[in-house]
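Inside the fold
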Amino acid sequence: MDVNLGKYNVTPSLRRLLDIEQVLDREDLLYGLGFYPSTDNFRHACTPCDLVIFGSFGADGTHCGFLTDFGAAASLDEAPIVCVAPMNDCPTRVVARNLHDFLRLLMDDPGLLYNDFESEEDYLAYKKYAAEDDGLFAEKEKAARGKVRKYLEENFEIPEIENPYQYVRDLAAERKRTVSVQTEDGLGVAVPFRKGEKHIPFPLDPYNKPDPGALKKYFDSAPVASRLAFIRDLQFYWIVDDHPDVKGIVMEALRKMGLNDEAERLAPGEPPKNNGDGFFYGGVFTL
């Protein structure tokens, strides 16, 4: 079984992106994309276990994936895109409604994918700086970007996004309104409560390991939505990866909920391969 994909199939649009990556690599144009498509299971401690990864930016561990909402998404085409930037204070953000919107942002506003701007003024200042920096690019690099844009536009139906900054802000607000429980990573849990249920939180100390016995009792009794929200919070604070016994309890809890794919994604993987330039390929990426 492919641990990263789990039950999901590679959709035609994702397959085209993976194939284009090979074409660009053969033609030495991959750097013009600024993104490295791959479904290898490279993960960070804070990577949500219900995220199916489809590529990275090649530095600082920043990667992107389809948020399956713990297997609720009918297909990857219907899953929102999340960017995980481990070096940021809040590393996880919903950045696009689907892969096609993601590609538009990648072509026009890649900074929005891995930066969390506090205001539109900050975003516009960044855009000005990026435009000035882009003006220093050599003709070869500009030509590579142009060819990559042509490849994407010929192979994907990429929509126009009138105001990319507002698009990302609206998407975050929309996500917040539709989840049943808010979580520390900003993603929340979309699984609804059953009739008569209400959220039961678990007291979390980010700096100390939760009591294993109390944790087991909680996972055996709390509503599913509450359990999944707590698992998000445990991953957000790296508690799952820092404490093997907690990881074992979380994996067991996921399996009892029928979430075997999510449990397997938490399992230890191969060490990351690093080329010395901040790139990593395969395995589990940790700082």
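Residues numbered from 1 in each chain as written. Predicted model: local features only at pLDDT ≥ 70, side-chain atom pairs only at ≥ 80, totals over all residues. Heavy atoms only, no water.

**Re the packing of helix 7 (residues 212-221) against helix 8 (residues 224-236)**
Put simply, helix 7 and helix 8 touch, their axes get as near as 9 Å, and they point 140° apart. Overall, the two elements helix 7 and helix 8 adopt an arrangement that is oblique. Listed contacts from helix 8 to Leu215, Tyr218 and Phe219 of helix 7 are Ser226, Arg227, Phe230, Ile231 and Leu234. Across the contact of helix 7 with helix 8, the residue classes break down as 6 nonpolar, 1 polar and 1 charged. (Axes fitted to C-alpha atoms, helices over the stretch in contact; angles between N-to-C directions. Helix = DSSP H or I, 4+ residues; strand = E, 2+ residues; numbered from the N terminus. Parallel < 35°, antiparallel > 145°, perpendicular 65-115°, else oblique. Contact = heavy atoms within 4.5 Å. Nonpolar A, V, L, I, M, F, W, Y, C, P; charged D, E, K, R; others polar.)

**A word on the environment of valine 191**
Looking at the secondary structure, you find valine 191 in the loop between helix 6 (164-178) and helix 7. Taking C-alpha positions, valine 191 is 8.2 Å from phenylalanine 70, a pair spaced 121 residues apart along the chain.

**Digging into the sheet that holds strand 3 (residues 63-67)**
The 5 strands lie next to each other as 1-2-3-4-5, forming an open sheet whose pairing is antiparallel. Each edge of the open sheet is held by one strand with a lone partner, namely strand 1 (36-37) and strand 5 (92-96). Here 5 bridges tie strand 2 (residues 51-56) to strand 3, and the two strands are oriented antiparallel to one another. What sits directly across from valine 52, in strand 3, is phenylalanine 66. Packing of helix 6 onto the sheet brings it into contact with strand 3 and strand 5, and relative to strand 5 it is tilted by some 120°. (Pairing = 2+ DSSP bridges.)

**Let's talk about the nonpolar core**
In this structure, Phe54, Phe66 and Phe102 are the most contacted members of the largest nonpolar core, which totals 51 residues. If one sorts the elements of this core by residue count, helix 2 (residues 99-108) sits on top with 6 residues. The next biggest cluster of nonpolar side chains, apart from the first, holds 27 residues, and it includes Ala222, Ile231, Ile239 and Met257. (Core = buried A, V, L, I, M, F, W, Y, C linked by side-chain atoms within 4.5 Å. Buried < 20%, exposed > 50% of the residue type's maximum accessible area, 1.4 Å probe, protein only.)

**A short note on helix 6**
Its 15 residues place the ends of helix 6 21 Å apart at the C-alpha level, agreeing with the 21 Å of an ideal helix rising 1.5 Å per residue. Turning to helix 6, its buried residues are Pro164, Tyr165, Tyr167, Val168, Leu171 and Arg175. (Expected span 1.5 Å × (residues − 1).)

**Some points on the confidence of the model for the protein**
Taken as a whole, the protein shows an average pLDDT of 88; of its residues, 91% reach a score of 70 or greater. Confidence drops under a pLDDT of 50 for residues 270-287, and excluding neighbours within four residues, the segment shows 42 contacts in the predicted structure. (pLDDT = per-residue confidence, 0-100.)

**Points about the pairing of strand 5**
Most of strand 5 is tucked away, with 5 of its 5 residues classed as buried. In this sheet, strand 5 lies alongside strand 4 (residues 81-84) in antiparallel orientation, the contact comprising 4 bridges. Residue pairing in the sheet places valine 82 in a bridge with valine 94 of strand 5.

**Structural notes on helix 2**
A large share of helix 2 lies buried, amounting to 8 of its 10 residues. Within the span of helix 2, buried status applies to Leu99, Asp101, Phe102, Leu103, Arg104, Leu105, Leu106 and Met107. The N-cap residue of helix 2 is asparagine 98: its side-chain oxygen and the backbone nitrogen of histidine 100 are 3.2 Å apart. (Polar contact = N/O pair within 3.5 Å; in protein donor to acceptor, adjacent residues only side chain to side chain.)

**Some thoughts on the pairing of strand 3**
Counting buried positions over the 5 residues of strand 3 gives 5, a clear majority of the element. Sheet topology places strand 3 next to strand 4; 4 bridges connect them, and they run antiparallel. The partner of histidine 63 across the bridge, within strand 4, is valine 84.

**Details of the pattern of salt bridges**
Applying the stated criterion across every chain, the model contains 17 salt bridges. Between lysine 256 and glutamate 252 there is a salt bridge, with its nearest N and O atoms 3.6 Å apart. Pair noted here: lysine 256 and glutamate 252 are both in helix 10 (residues 244-256), with a separation of 4 residues, about one helical turn. According to the relative accessible area criterion, lysine 256 is exposed, its value standing at 56%. Here glutamate 252 falls in the partly exposed class, since its relative accessible area comes to 38%. (Salt bridge = Lys/Arg side-chain N within 4 Å of Asp/Glu carboxyl O.)

**Some remarks on the environment of leucine 18**
Mapped onto the fold, leucine 18 is located in helix 1 (residues 12-26). Residue leucine 18 is classed as buried on the basis of its relative accessible area, which comes to 10%. With 18 residues separating them along the chain, leucine 18 and tyrosine 36 place their C-alpha atoms 9.0 Å apart. Setting aside chain neighbours within four positions, we find leucine 18 in contact with Val10, Pro37, Ser38 and Thr39.

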